[in-house]
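# Per-entry structural report
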Amino acid sequence: MLTGFTQQEFVFVCYTAQLSVQQRVFNIANELLQTEKAYVSRLHLLDQVFCGRLMEEARARGSFPCEVVMGIFSNICSIYCFHQQFLLPALEKRMEEWDANPRIGDILQKLAPFLKMYGEYVKNFDTAMELVNTWMERSSQFKAIIHDIQKEEMCGNLTLQHHMLEPVQRIPRYELLLKDYLHRLPEDADDFKDAQKSLELIATAAEHSNAAIRKMERMRKLLKVYELLGGEEDIVNPTNELIKEGHILKLSAKNGTSQDRYLILFNDRLLYCVPKLRLIGQKFGVRARIDVDGMELKETSSINVPRTFLVSGKQRSLELQARTYGHWRCMNCTELGKRAPTPIREKEVTLCMKCQEPFNSITKRRHHCKACGHVVCGKCSEFRARLLYDNNRANRVCIDCYTMLVGVPPSPASLTNSSQRRRSILEKQASVAAENSVLCSFLHHMEKGSGRGWQKAWFVIPENEPLVLYIYGAPQDVKAQRSIPLIGFEVSLPESCDRLERRFAFKMSQSHLTVYFSADGEELQRRWMEVLSRAGRGEELQVHGPISEALEEEGEEPTSLGEST
């Protein structure tokens, strides 16, 4: 017994400490529930409101293609169904019975494998952002619908792009909460092993999101500036990079007085902004745009007026005064290539300083940009530019330095070749998948509202991904042409209003998406309907394997998804 404590006091202290641990564990579990509720409401906004209204307009009036809407929102419908129908109800029920069963690890362990469906959304994110930007300019009706929804209270004064970031950030959020939960949980607790296993599964799923999140942080900064400028400047683009922003003083050419201004420096332009008078929130208007190409920087400081410099560009010249020394030194791009850079030590960098992907000794080696000294991967430094300090010889440089030195960005062909080396989420060889599948066979299929007729393809539900349907052009293809997460889909026989002329047809529907299928026999139809129905409900699936009979009966060659039959 501890000195100075009576037995009753010692028991009381231990009891209080135990209550404190239990309370902290409960608080983390409750935080998981509350954040899940908020997250589901955001998913509802994306799927049922943004996607729903855009799809309704596309189908009713044809103001823009349905494929554009589907390309923007990817598989958000499946993600929403999973969280709204499975994870959130399970957490709500558990918190209601917490006193009798204080644990969440078993729930997360059971449902964590379903988080793989986020991979498709994350991989599609850059494309989705480009589609939003393109169609905001191309279609006035598309833009009007987006703006009308963003004005509604449920949007919280945030843009569509902001809300689209949330699914990318959600899985790492689970990982952080679960780490905190395990840290508070005693090792002898009933839930400890389940929580540990859950963390392993969620950490694996988070790997898909973490690399994308680093890209998203750059996108988030662009969105912040976009909103700061009142949504009037076209800057939300994956090729744009925000280098620096902040307040600065503009010196009047007439009388030398200073005025408060705001500078925003991107990799291709400098925005000179002035404050706007607003009752709520600071906003700025763009007064001048200066191209980085050809921009020069000259220090003009004196004893009476320190920290001043002159920015000269094709469009305008400005005399500015920084609030602190060195704050805008990054603008001095005129010295690039004229002096050898101070290289950053390789051992100090574990990620490429451009694409943020991790280095390794085999496929992702370190290289120095000979212009700026940054440590970058081969893909981000495959460009060559002549450097004045090296007798104008061509040197390996990063993409940003190449653009500044040459004056134009690299050709799209070179960028495409680089991106092609990334492994696609659809690169799952059909023959390998079929050998280890829940079910696979040829089917004819047609998507409602797509405008395309029946198409023949090879369908596989892999054993290690039993809630995803992969679509191949042929059984030996090395890459699937499409994948469909199945959770939340309802499977049924077609109705008379569907007007299908094929035999042994069935359909699966979820929110805005309906896909029709046609099998080559009644037994094949029954087996696919059974497997797809169970997958839609998130149930365990019995392995059927390849249906060889279907292959033997097929006398014709399969067509690609772009060919109708």
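Everything that follows concerns the structure shown earlier in this document.
In this report, we go over the structure that sits alongside the text. (Residues numbered from 1 in each chain as written. Predicted model: local features only at pLDDT ≥ 70, side-chain atom pairs only at ≥ 80, totals over all residues. Heavy atoms only, no water.)

### Some words on the pattern of salt bridges
- In the structure shown here, the tally under the stated rule is 20 salt bridges.
- The salt bridge partner of Arg 103 is Asp 106, with a shortest N-O separation of 4.0 Å.
- When its relative accessible area of 25% is taken as the criterion, Asp 106 is described as partly exposed.
- The salt bridge involving Asp 191 is made with Arg 103; its shortest N-O contact spans 3.6 Å. Here Arg 103 lies in the loop between helix H3 (76-96) and helix H4 (105-111) and Asp 191 lies in the loop between helix H7 (160-184) and helix H8 (192-228), a separation of 88 residues in the sequence. (Salt bridge = Lys/Arg side-chain N within 4 Å of Asp/Glu carboxyl O. Buried < 20%, exposed > 50% of the residue type's maximum accessible area, 1.4 Å probe, protein only. Helix = DSSP H or I, 4+ residues; strand = E, 2+ residues; numbered from the N terminus.)

### With respect to the packing of helix H2 (residues 66-73) against helix H5 (residues 118-138)
- Running from N to C, H2 and H5 point in directions that differ by 135°, and their axes come no closer than 7 Å. By the angle between their axes, H2 is oblique relative to H5. Mapping the contact onto sequence places Val 68, Gly 71, Ile 72 and Phe 73 in H2 and Tyr 121, Asn 124, Ala 128, Leu 131, Val 132 and Trp 135 in H5.
- Within the contact of H2 with H5, the residues separate by chemical class into eight nonpolar, two polar and no charged. (Axes fitted to C-alpha atoms, helices over the stretch in contact; angles between N-to-C directions. Parallel < 35°, antiparallel > 145°, perpendicular 65-115°, else oblique. Contact = heavy atoms within 4.5 Å. Nonpolar A, V, L, I, M, F, W, Y, C, P; charged D, E, K, R; others polar.)

### Describing the environment of Phe 383
- Note that Phe 383 resides in strand S10 (residues 383-387).
- Remark: the alpha-carbon pair of Phe 383 and Asn 395, spanning twelve residues in sequence, is separated by 8.1 Å.

### Some points on the packing of H5 against H7
- For the pair H5 and H7, interaxial distance at closest approach is 10 Å and the crossing angle is 165°. Considering their axes alone, H5 and H7 lie roughly antiparallel with respect to each other. Considering how the two elements wind past one another, H5 and H7 form a crossing that is left-handed. Where H5 approaches H7, its residues Tyr 118, Tyr 121, Val 122, Phe 125, Ala 128, Met 129, Val 132 and Asn 133 are matched on the opposing element by Leu 160, Gln 161, Met 164, Leu 165, Pro 167, Val 168, Arg 170 and Ile 171.
- Looking at side-chain class alone, the contact of H5 with H7 contains 13 nonpolar, two polar and one charged residues. (Left-handed = near helix turned anticlockwise from the far one by under 90°.)

### Regarding the pairing of strand S13 (residues 455-462)
- Taken across its eight residues, S13 has eight buried, putting it largely inside the fold.
- Here S13 shows no split at all, with Gln 455, Ala 457, Phe 459 and Ile 461 on one side and Lys 456, Trp 458, Val 460 and Pro 462 on the other all buried.
- Both strand S12 (residues 437-447) and S13 contribute to a ladder of eight bridges, which runs antiparallel. From the neighbouring strand, Cys 440 faces S13, where its bridge partner is Val 460.
- Note: S13 against strand S14 (residues 468-472), three bridges, orientation antiparallel. In the strand pairing of S14, Val 460 is matched with Tyr 470.
- The antiparallel hairpin formed by S13 and S14 contains five residues in its connecting segment. (Pairing = 2+ DSSP bridges.)

### Some thoughts on the packing of aromatic side chains
- Under the criterion given, the structure shown has nine aromatic pairs.
- Between Phe 64 and Phe 142, the ring centres sit 5.2 Å apart and the planes meet at 85°, which makes this aromatic pair edge-to-face. Placement of Phe 64 in the loop between helix H1 (7-61) and H2 and of Phe 142 in helix H6 (residues 140-150) is noted, with a sequence separation of 78 residues between them. Across this residue pair, the class does not change: Phe 64 and Phe 142 are buried.
- A centroid spacing of 6.5 Å and a plane angle of 20° characterise the contact between Phe 82 and Phe 86, whose relative ring orientation is stacked. Remark: Phe 86 and Phe 82 occur in helix H3; sequence separation between them is four residues, near one turn of the helix. (Phe/Tyr/Trp six-rings, centres within 6.5 Å; stacked < 30°, edge-to-face > 60°.)

### Quick notes on H5
- The terminal C-alpha atoms of H5 lie 29 Å apart, and with 21 residues this matches the ideal 30 Å at 1.5 Å per residue to within 8%.
- Of all the bends found along H5, the most pronounced is centred on Phe 125 and spans about 50°.
- Within H5, burial applies to Tyr 118, Gly 119, Tyr 121, Val 122, Asn 124, Phe 125, Ala 128, Met 129, Val 132, Asn 133, Trp 135 and Met 136. (Expected span 1.5 Å × (residues − 1). Bend = angle between axes of the 7 residues up to and from the residue.)

### Looking at the sheet that holds strand S4 (residues 283-291)
- If you trace the seven strands from one edge of the open sheet to the other, you get S4-S3-S2-S1-S7-S6-S5, paired in antiparallel fashion. Looking at strand neighbours, the two that pair on one side only are S4 and strand S5 (296-299), the edges of this open sheet. Within this sheet the neighbouring strands show an average axis-to-axis angle of 35°, counted without direction.
- When S5 meets strand S6 (residues 308-312), the two strands line up antiparallel, connected through four bridges. Paired with Glu 299 across the strands is Phe 309, a residue of S6.

### What about the side chain of Asn 75?
- You can see Asn 75 is positioned in the loop between H2 and H3.
- Excluding residues within four positions of it along the chain, Asn 75 makes contact with Met 117, Glu 120, Tyr 121 and Pro 485.

### What to know about the pairing of strand S18 (residues 513-518)
- Within S18, six of the six residues are buried, leaving the element largely enclosed by the surrounding structure.
- In S18, alternate side chains face the same way, and those of Leu 513, Val 515 and Phe 517 on one face and Thr 514, Tyr 516 and Ser 518 on the other are all buried.
- As paired strands, S12 and S18 are joined by four bridges and run antiparallel to one another. Within the sheet, the bridge partner assigned to Met 446 lies in S18 and is Tyr 516.
- Taken together, the six bridges between strand S17 (residues 505-510) and S18 define a ladder with antiparallel strand orientation. Considered in S18, the bridge of Phe 506 is made with Phe 517.
- Two successive antiparallel strands, S17 and S18, enclose a turn made up of two residues, where Ser 511 displays a positive phi of approximately 50°.

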